[in-house]
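Okay, here's what each chain looks like letter by letter:
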Amino acid sequence: MRRTRARTPAELVGAEPEPEFRLTFDGRPIRGLPGQTIAAALWSAGILTWRTTRVHDRPRGAFCGIGACYDCLATVNGRPNRRACLLPAAPGDVITTQEGDGHAALDG
Amino acid sequence: MLTRHPLDVVIVGAGMVGAACAYYTSRSGLSVAVVDRGPVAGGTTGAGEGNLLVSDKVPGPELELALLSASLWQQLSEELPEGIEYELKGGVVVAASEDSLATLSATAAGQREEGVEAHHLTPDRLRELEPHLAPHLAGGCHYPQDAQVQPALAAAELLRAATRAGALVRPGEEVVGILRSREGAVCGVRTTRGELRAPVVVNAGGTWGGDLAALAGVNLPVLPRRGFVLVTEPLPRLIRHKVYAAEYVADVSSGSAALQTSPVVEGTPSGPVLIGASRERVGFDRTLSVPVVARLAARAADLFPVLADVRVLRAYHGFRPYLPDHLPAIGPDPRAPGLFHACGHEGAGIGLAPATGLLIAEAIRGKRPVLDLAPFAPDRFDATCHVP
Amino acid sequence: MPHSTDDHRARETGCATIAVVGAGPAGLAAAVTAADHGLDVVLLDAATAPGGQYYRSPADGLGATRPEALHHHWRAFAELSSRLAAHRDTGAIRHLTGHQVWTVERTGDGDWILHAVTGGDEETRTAVRARRMVLATGAHERQLPFPGWTLPGVVSAAGAQAMLKSGLVLPGRRIVVAGSGPLLQAVALSLTRAGASVPALVEAAGYGAYARAPRVLAANPGKAAEGARFGAALARAGVRVLGHRAVTEVHGDERVEAVTVSRVDRRWRPVAGTGRRIACDVLAVGHGLVPQLELAVAAGCATRPGPDGTHAVTLDEQLRTTVPGVWAAGETGGVGGVELALYEGELAALSIIREARGGVRRQEARRAVALRRSRRRLRAFAALMGAVHRPGAGWIEWLTGDTEVCRCEEVTAGRIRSACEELGAGDTRTVKLLTRAGMGWCQGRTCGFAVRELAAVHGAGQDPGGPDRRPLACPVKLSTLADLADPG
C-alpha cells in the first residue's frame, strides 16, 4: 500500500473514470460512474438511507457492504428488494425508497 | 437429583403434545414435571406450520379428535397471550379438475355429517376468497373451522401456563430409563440428572416416542416421515386462508414410504408465506433434497402464479411421527401399568394436541374420557408385530 | 505423469475434476495450482471479478490506475490473476463469475452437483458437476449489537472498506472505527489515505494480550513487524488508538453525530463513568470475521468451535474435510488472513492432485511439506489472534432492553431475554422460533453470534453446538426452484 494521503478515494487510486451518467433517487437526479454499485452512487451523493423497515418504519441503508446483511434493500426500476451494495448502477436507473416488504403493489 | 415434592405425573417431551398434556394435567390439580432432552419445541413442533385442521380428516376417530381440538383451541386462544398467533383463518381446498372436485365434494358431504362446516366453492367464489389463485380451477371447498397457530410459541405459552399451575419444566434433561416397581408398575424415570419418581409417566416423545416405549419394554412402531417447508421473503397478506390441493388428503393417508408432494400454501402474520407439503420415509436424513424442494416450489407456483418471482429465504425439514394406521397412540398402556402414551400424531400433532392433553388428563384421573380411546390403543400394533 | 482413469472419466462425462467455490485468495490459489498441473477446474464465484472480499478492486469503468494503493499483498494477487487469465484462455479453468452457489448435492456415484443462480433480475439457474469440491467460501464480518447501531451512519468496518475498494466512495468525512480485531487497523488506514479523518480507532481488546504467547509471536516475526508498521502508520495519520474501549452509545437523530466511547474491563464490561463523547459522522464497526459455512454444512462436513468463538470446518493437514471429495481452504477452515488463505488454497490443490493422479512429483511433495509448515505457523498465530479478540462475555452489558439485536426482524434484546427467562429458550434455534430473531432476509448472518451468546447467558444454556444451518445458502426465486422439478 502506498503511503499516500489523498483528498478523495479517486485521487488515491489515480482514477480516470469513464463518463458519468444520471440516475434518480426518489425523483432527485444523482450521478453514477460506470462500475459503481447503486449503494456507491447513493453514498457519493451523501445519501445513507433508502429503505424503511417493516415493523418500526426505521430508515436503513448499506451496512455490511458485501451482500450478506440485506439491510441495503432498495426498489430499483420498480423491482423491490434489490441489494444496492451489489447491484451495478446503470444510466437512467430509478431508485425509490423501499417501504417495508416492498411489495405494496401486490396487495390489493 | 431426587425431587423432594412427590410428583403425580412425569411427561416426557416438551413439544406441543407434551405441553398440552402438562397444561391439562397440571390444571386438573396434579403435580407434574416435564422433561425433554432438548429445548422447548425442539423437535417436530418447531418444524411445523401450526396447522389446526379438520378439513384434511375423513370421518372416523381422528376427525372426532380434531373437532374436539378445534373447540379447545378456541378456548386456549382466549386464555393464552396473543403472541401465539392463533388465527381462525379457515381452509380452502382446491380442485383442479372436475373429477377431483367430485371426490372433494363427496368427502365434504361425509365430513358434514360429523359436524364439519364445509361449503362448496364455485370457481368465482374461489377467486373471491383467494384472488391470487391460478385461473381455470374447477372449484373447491371452504372449511371455516380450520385455523393456524405459531406452534413453538403456543407450546412455550402452554408450558408457561402449566408452570404457573405448579408444573416443573426441565429442558435439556434426557430420559435414559423407565423405573418399574417390584410389581412391574411404572414408577418414574431415570434421567441424565437423576431420578424423577411418579406413578404415571406420559410418553409425549413425538417422533422419538418409539424409543421411549422401548425403554419401558413395549413396542410402539413410530417412524419418522420427513417433510420440507419453504419459507418466502416477507410479503403482504396475499394468501388469506390455508390453501391446499384436494390430493393432499390422499397423500396424508397414504401408507407408502415413497415421496408424495401436494401443494399446501399459507401466509403468516409476520409476512413470509409457508409452502409444503412433502412426505417421505427416509429415516432421520437431514440433508436438503433438491428434487423435493423443487417439486414443492413447482406445485406452489402452479397454485399461486403470483409467487413465481418471490424469493425463498429458507427451507427446513421436520420428522412427523408416523404410526402405520395414521392414528396417534393415546391412553394407558396395559403392557406397562402407569405408562400413558400421547404420541404418533404424524403431521397433525399441533392441531390434535389439546384434545390429546385433555384425554390424557381425564384418563390419568380415572375419569371416563369424552372420546372413546379404543382406536388409539397403544398396544394395537402388537397383533401384527407378534413374532411366534 | 500418468493420468488416472478417474481423470479420463471426468472429462468424458462433462464432469470437472474440481469445482472451486469462491475466487478469493484461497479459491484462486487452489484453482490456479490445480490448472497448472493439468486438472480441469470450474471456478464459481458470486462476484463479477476475482479477488473475493480481500482483493476487491474498483470496477474497470472507474479507471483506477493505482488499484494497489488500497491493498496489501497486491503482488500475490496480480500474479494469481494473470495465471487465472492464462488458464481461462486455454480452457483449463472455467471461471463462472456472478454465480452464487445455493446448495450442493451428492450424486449416487459420489460426484457433486453445485446448484447456482446467476443473472440478477432475470435469475437463471446453473448446475455444475464435479468429482471434487474445494470450498473457499470466505467469511463475513461479525457484529455485536449496541445501543444506536441501527442509526444511519453506522456501517460495518469491512463494509466501509469494501465500498471504498470497489466503488471509491466513503460514507462520511469523520469516521470512528471501532470493534475488535486486526482488520480495524487496515480499515482505519485505508479510510485516512482515501481522505477521511479517523479521530479514533476503538479496540475492545488490548494489543498487549498478544504477549501471552511469546512463542507464537517469535515464530511469526512478520506478523509482529506488520503490527508495528500499522501502529506507526496510524500514528502518522493522526488516528488515536484506544485499547480496552468500546462504543457504548451512538448519538444523533437522523444520522450519526457522535459516539460515546467507554472503558471496558478484561471481560469487555463497560466501566461506569468512563464514557467520552467523540464527534463523528460515521461509525465503522466490526468484531472479527465469521466463516461462511452454508455449503460445507450442506455437504455434511464436520465443524469445530474455534478460539475466536466461531465455528469452522474441521480439516486435516491435507485440507480434507470429513466428507470424502470435499476440501476447504482459507477462512472456511477458520479465520486466519490472506497469507494463510493463499497457502491453504495451494495446499488443497496439491492434495487433490495427489489423490486424482495417485501421487505427485518430488518437487510438489517438497512444496507441500513447506506449505504445511507455513500453515501450522500461521494457524497458531490465527488461534492467538482469535483468542485475543474473542468478544468478552461482558459485551452483553452494552445492551439496553430496547437495543435491536436482529436488524432484519427488529427483535430487541429485551424480547430475547424474555424468551429465555420466561419461555425457556436456551439456544439459538429456540430463540429464533420464539422471537423471529434470525428469521429475516439475512437468515441470522448478522445477529447469529449475538443471539447465541444471549441465549447462553439468559437461558439454560442448551446450545447443541455447531454452526447455524442454512440449507439455502442464498435466497432463490420460487420459479428457479420450480424449474428444477421433474415434469409431471
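Residues numbered from 1 in each chain as written. Chains lettered and ligands numbered in written order. Predicted model: local features only at pLDDT ≥ 70, side-chain atom pairs only at ≥ 80, totals over all residues. Heavy atoms only, no water.

Named according to an unreviewed UniProt entry, chain B is Glycine/D-amino acid oxidase originating from Streptomyces atratus.

The name given to chain A in an unreviewed UniProt entry is 2Fe-2S iron-sulfur cluster binding domain-containing protein, with the source organism recorded as Streptomyces atratus.

Re the overall build of chain B
In terms of regular secondary structure, chain B is built from 10 helices and 19 strands. Since a compact globule built from 388 residues should have a radius of gyration of about 21 Å, the 21 Å found for chain B is in line with a globular shape. Projected onto its principal axes, the C-alpha coordinates of chain B cover approximately 65 × 45 × 40 Å. For chain B, the proportion of its 388 residues judged to be buried stands at 63%. For chain B, the proportion of contacts with a sequence separation of at least 24, taken over those separated by at least 6, is 74%. Summing over all exposed atoms, chain B offers an accessible surface of approximately 13800 Å²; the carbon and sulfur share of this is 53%. Positive and negative side-chain charges in chain B, numbering 34 and 41 respectively, have mean positions lying 7 Å apart. (Helix = DSSP H or I, 4+ residues; strand = E, 2+ residues; numbered from the N terminus. Rg over C-alpha atoms; globule rule 2.2 N^0.38 Å. Buried < 20%, exposed > 50% of the residue type's maximum accessible area, 1.4 Å probe, protein only. Contact = heavy atoms within 4.5 Å. Areas by Shrake-Rupley, 256 points an atom, 1.4 Å probe, with all protein chains shown as cover. Lys, Arg positive; Asp, Glu negative; His and termini not counted. Charge placed at Lys NZ, Arg CZ, Asp CG, Glu CD.)

Observations regarding the packing of aromatic side chains
All names here are of chain C. Counted according to the given criterion, the structure contains 13 aromatic pairs over all chains. The interplanar angle of 90 degrees and the centroid separation of 4.9 Å between the aromatic rings of Tyr54 and Tyr55 together place this pair among those described as edge-to-face. Overall, the relative accessible area of 29% leaves Tyr54 in the partly exposed class. Among the aromatic side chains, those forming a connected cluster through ring pairs are Tyr54, Tyr55, Trp74 and Phe77. Over the face of the ring belonging to Trp149 we find Arg407, whose NZ or CZ atom lies 4.7 Å from the ring centre. (Phe/Tyr/Trp six-rings, centres within 6.5 Å; stacked < 30°, edge-to-face > 60°. Lys NZ or Arg CZ within 6 Å of the ring centre and 35° of its normal.)

Considering the packing of helix 2 (residues 61-79) of chain B against helix 9 (residues 349-364) of chain B
All names here are of chain B. It is the contact of helix 2 with helix 9, at a shortest axis distance of 7 Å, that shows an interaxial angle of 90 degrees. By the angle between their axes, helix 2 is roughly perpendicular relative to helix 9. Of helix 9, the residues touching helix 2 (which contributes Glu62, Leu65, Ala66, Leu68, Ser69, Leu72, Trp73 and Leu76) are Ile350, Gly351, Leu352, Ala353, Pro354, Ala355, Leu358 and Leu359. Partitioned by chemical class, the residues of the contact of helix 2 with helix 9 number 13 nonpolar, two polar and one charged. (Axes fitted to C-alpha atoms, helices over the stretch in contact; angles between N-to-C directions. Parallel < 35°, antiparallel > 145°, perpendicular 65-115°, else oblique. Nonpolar A, V, L, I, M, F, W, Y, C, P; charged D, E, K, R; others polar.)

Considering the interface of chain A and chain B
Chain A puts seven residues into the contact, and the matching count from chain B is 10 residues. Carbon and sulfur atoms supply 49% of the area buried between chain A and chain B, which totals about 770 Å² over both sides. Its largest share of buried area at the contact with chain B, chain A owes to Arg54, His103 and Leu106 of chain A, together 54% of the area lost on that side. Counting the contacts that link chain A with chain B gives zero salt bridges. The tally of links between chain A and chain B comes to four residue pairs in polar contact (both at pLDDT 80 or more). Split by residue class, the side of chain A that touches chain B holds two nonpolar, two polar and three charged. (Buried area = accessible area lost by both parts, 1.4 Å probe. Salt bridge = Lys/Arg side-chain N within 4 Å of Asp/Glu carboxyl O. Polar contact = N/O pair within 3.5 Å; in protein donor to acceptor, adjacent residues only side chain to side chain.)

What to know about the interface of chain A and chain C
Counting from both sides, the interface comprises 50 residues of chain A and, opposite them, 62 residues of chain C. Of the roughly 4800 Å² buried at the junction of chain A and chain C (both faces included), carbon and sulfur atoms supply 57%. Counting the contacts that link chain A with chain C gives three salt bridges. For Glu409 of chain C, the salt bridge goes to Arg54 of chain A, with nearest N and O atoms at 3.0 Å. Linking chain A with chain C are 21 residue pairs in polar contact (both at pLDDT 80 or more), by the criterion used here. Secondary-structure elements contributing two or more residues to the side of chain A that touches chain C are helix 1 (9-12), helix 2 (38-44), strand 4 (59-60) and strand 6 (79-83) of chain A. Taken together, the residues of the side of chain A that touches chain C sort by class into 26 nonpolar, 11 polar and 13 charged.

A short note on the pattern of salt bridges
Residue and element names in this part refer to chain C. Tallying each qualifying case throughout the model produces 49 salt bridges over all chains. Between Glu79 and Arg83 there is a salt bridge, with the nearest N and O atoms lying 3.2 Å from each other. A residue pair is termed a helical-turn pair when its members lie 3 or 4 positions apart in one helix, as Glu79 and Arg83 do in helix 3 (residues 74-90) at four residues. According to the relative accessible area criterion, Arg83 is partly exposed, its value standing at 26%. Arg367 serves as the salt-bridge partner of Glu346, at 2.6 Å between the closest nitrogen and oxygen.

With respect to the domain arrangement of chain B
Frequently, the measure chosen for interface size is the accessible area that the parts lose on association. Residue and element names in this part refer to chain B. On domain assignment, one finds that chain B holds domain 1 (9-68 + 151-221 + 325-376) and domain 2 (91-144 + 223-322). For domain 1 versus domain 2, the distance between C-alpha centres works out to 28 Å. Taken together, the contact between domain 1 and domain 2 spans 23 residues of the former and 34 residues of the latter. Across the domain 1/domain 2 interface, buried area totals approximately 2200 Å², and carbon plus sulfur atoms make up 62% of it. Summed over the three residues of domain 1 that lose the most area to domain 2, namely Glu49, Ser55 and Glu346, the buried surface amounts to 28% of that side. Linking domain 1 with domain 2 are two salt bridges, by the criterion used here. Its salt-bridge partner being Glu346, residue Arg225 comes within 2.4 Å of it at the nearest N-O pair. (Domains from an automatic or database assignment.)

A word on the UniProt feature "domain: FAD dependent oxidoreductase" (unreviewed entry) in chain B
In the numbering used here, UniProt assigns the feature "domain: FAD dependent oxidoreductase" (unreviewed entry) to residues 8-362 of chain B. Here residues 8-362 of chain B is 31% helix and 28% strand, with 14 Å between the C-alpha atoms at its ends. (UniProt positions renumbered as here; feature names shortened; annotations may be inferred.)

A short note on the side chain of Glu346 of chain C
Tracing the sequence through the fold places Glu346 of chain C in helix 9 (residues 338-357). Look past the residues within four positions of Glu346 of chain C in its chain and what remains in contact with it is Ala29, Ala30, Thr33, Arg367 and Leu371 of chain C.

Side note on the pairing of strand 10 (residues 200-203) of chain C
All names here are of chain C. Burial along strand 10 is two-sided: Ala200 and Val202 and Leu201 and Glu203, pointing in opposite directions, are all buried. As paired strands, strand 9 (residues 175-180) and strand 10 are joined by three bridges and run parallel to one another. Paired with Val177 across the strands is Leu201, a residue of strand 10. (Pairing = 2+ DSSP bridges.)

A word on helix 9 of chain B
All names here are of chain B. Bending of helix 9 peaks at approximately 30 degrees at the position of Ala355. Buried residues dominate helix 9, accounting for 16 of its 16 residues. Just downstream of helix 9 lies Gly366, where phi reads positive at about 75 degrees. (Bend = angle between axes of the 7 residues up to and from the residue.)

Topic: unusual backbone geometry
Between Gly276 of chain B and the following residue, Ala277 of chain B, the backbone shows a cis peptide bond with an omega angle of 0 degrees. Here Ala277 of chain B is to be found in strand 16 (residues 273-279). At Tyr70 of chain A, a residue that is not glycine, the phi angle is positive and equals roughly 60 degrees. Among the secondary structure elements, Tyr70 of chain A is positioned in the loop between strand 4 and strand 5 (73-76). Of the residues examined, Tyr70 of chain A reaches a relative accessible area of 7% and is grouped as buried. Of note, the phi angle at His73 of chain C is positive, near 50 degrees, even though the residue is not glycine. Along the polypeptide, His73 of chain C turns up in the loop between strand 2 (41-44) and helix 3.

Focus: the nonpolar core
Grouped together as the largest cluster of nonpolar side chains are 148 residues, with contacts concentrated most on Trp73 and Val202 of chain B together with Val154 and Leu283 of chain C. Here the element with the most residues in this core is helix 9 of chain B; it accounts for 10 residues. Ignoring any residue separated from it by four or fewer positions in sequence, one finds Trp73 of chain B in contact with Met16, Leu52, Ile84, Tyr86, Val149, Ala154, Ile350, Gly351 and Pro354 of chain B. Counting residues in each nonpolar core, the second largest holds 64 residues, with Ala34, Leu96, Val297 and Ala341 of chain C among its members. (Core = buried A, V, L, I, M, F, W, Y, C linked by side-chain atoms within 4.5 Å.)

Regarding a negative patch on the surface
The grouping of Glu64, Glu113, Glu114 and Asp372 of chain B at the surface amounts to a negative patch. Its location among the elements puts Glu64 of chain B in helix 2. (Patch = residues over 30% accessible without salt bridge, like charges linked within 9 Å, V, L, I, M, F, W, Y side chains within 5 Å.)

Re the sheet that holds strand 14 (residues 276-279) of chain C
All names here are of chain C. The strand order across the open sheet formed by three strands is 12-13-14, and the pairing between neighbours is antiparallel. The open sheet terminates on both sides in strands that have one partner only, identified here as strand 12 (245-251) and strand 14. Direction aside, the axes of adjacent strands within the sheet are offset by 35 degrees on average. Across six bridges, the pairing between strand 12 and strand 13 (residues 258-263) is antiparallel. Its bridge partner being in strand 13, His251 is matched across the sheet by Ala258.

Side note on the side chain of Thr430 of chain C
For Thr430 of chain C, the location among the structural elements is in helix 12 (residues 428-435). Residues contacting Thr430 of chain C, with those up to four places away along its chain left out, are Pro39 and Val40 of chain B together with Ala425 of chain C.

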